[in-house]
Amino acid sequence: MTLDVETPTRPELSTGVAADEYDDAEVQGDEYRREELAEALDDGAWADAFEQWAANASLDADQWKIVTDLDLIAEFDFFWDSFAGRVGYHAPGLPEDWREREIHPDIDSWGTVSGINAGLTEFGQVVCEVLADEYIDWEAEEVGADDLPDF
């Protein structure tokens, strides 16, 4: 379904957080290139990605209102993962204890919570794909056999 809403302001990329500190991201290296990613987002990647995502978004207008009321978009972070040679991201989400915390009056079910969390994750992935496919042309760092992680 199409989500017919205005494109939100892009998030400030979190320069104070090391990408490997996120629970939902596994990153090696410390050259996150956030300033360059911010420039690409400002040059159109953010608007292009949002338009692409909104055309097939799983979120409805009521769920989107919750996202905007809680300013969840501001919590996104995008960064370069030089080891994997890809753009990584941290997507915001509603907490498991949403019921106890009463974080929003319109959150009334796990379906709403999981729908919002899944929709935001999908959006983060679209942003990464748009950046990689249309806005940046970076390569992974060459890694020697001694630098590979132990599995």
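Just so you know, these numbers come straight off a predicted model, no measurement behind them.

Quick notes on the rules
Residues numbered from 1 in each chain as written. Predicted model: local features only at pLDDT ≥ 70, side-chain atom pairs only at ≥ 80, totals over all residues. Heavy atoms only, no water. Axes fitted to C-alpha atoms, helices over the stretch in contact; angles between N-to-C directions. Helix = DSSP H or I, 4+ residues; strand = E, 2+ residues; numbered from the N terminus. Parallel < 35°, antiparallel > 145°, perpendicular 65-115°, else oblique. Left-handed = near helix turned anticlockwise from the far one by under 90°. Contact = heavy atoms within 4.5 Å. Nonpolar A, V, L, I, M, F, W, Y, C, P; charged D, E, K, R; others polar. Phe/Tyr/Trp six-rings, centres within 6.5 Å; stacked < 30°, edge-to-face > 60°. Patch = residues over 30% accessible without salt bridge, like charges linked within 9 Å, V, L, I, M, F, W, Y side chains within 5 Å. Areas by Shrake-Rupley, 256 points an atom, 1.4 Å probe, with all protein chains shown as cover. Salt bridge = Lys/Arg side-chain N within 4 Å of Asp/Glu carboxyl O. Lys, Arg positive; Asp, Glu negative; His and termini not counted. Charge placed at Lys NZ, Arg CZ, Asp CG, Glu CD. Core = buried A, V, L, I, M, F, W, Y, C linked by side-chain atoms within 4.5 Å. Buried < 20%, exposed > 50% of the residue type's maximum accessible area, 1.4 Å probe, protein only.

Draft legend 1. Local environment of the packing of helix α1 (residues 34–55) against helix α4 (residues 110–135). One can describe the packing of α1 onto α4 by two numbers: an axis separation of 9 Å at closest approach and a directional angle of 125 degrees. The angle between α1 and α4 falls in the class oblique. For α1 against α4, the interelement crossing comes out right-handed. Of the residues in α4, those in contact with L37, A40, L41, D43, G44, A45, W46, D48, A49, F50, Q52 and W53 of α1 are G119, E122, F123, V126, V127, V130, L131, E134 and Y135. Looking at the contact of α1 with α4, its residues break down into 14 nonpolar, three polar and four charged.

Draft legend 2. Seen up close, the packing of aromatic side chains. The full count for this structure, using the stated rule, is eleven aromatic pairs. A connected cluster of aromatic rings, assembled from ring pairs, spans W46, F50, W53, W64, F76, F78, Y89 and F123.

Draft legend 3. Geometry of a negative patch on the surface. A cluster of acidic residues, D48, E51, E129, D133 and E134, forms a negative patch on the protein surface. With three residues, α4 is the single largest residue contributor to the negative patch. Position of E129 relative to the elements: it lies in helix α4.

Draft legend 4. Quick look at the nonpolar core. Counting 39 residues, the largest nonpolar core has W53, F78 and F123 as the members making the most contacts within it. Elements with a minimum of two residues in this core: α1, α2 (61–69), β1 (77–81), β2 (86–90) and α4. With ten residues, α1 is the single largest residue contributor to this core.

Draft legend 5. Representation of the packing of α2 against α4 within the structure. Where α2 contacts α4, the two axes come as close as 10 Å, and the packing angle between them is 75 degrees. For the element pair α2 / α4, the angle class is roughly perpendicular. When α2 is examined against α4, the residues Q63, I66 and V67 are found in contact with a partner set consisting of G111, T112, G115, I116 and L120. By residue class, the composition of the contact of α2 with α4 is four nonpolar, four polar and no charged.

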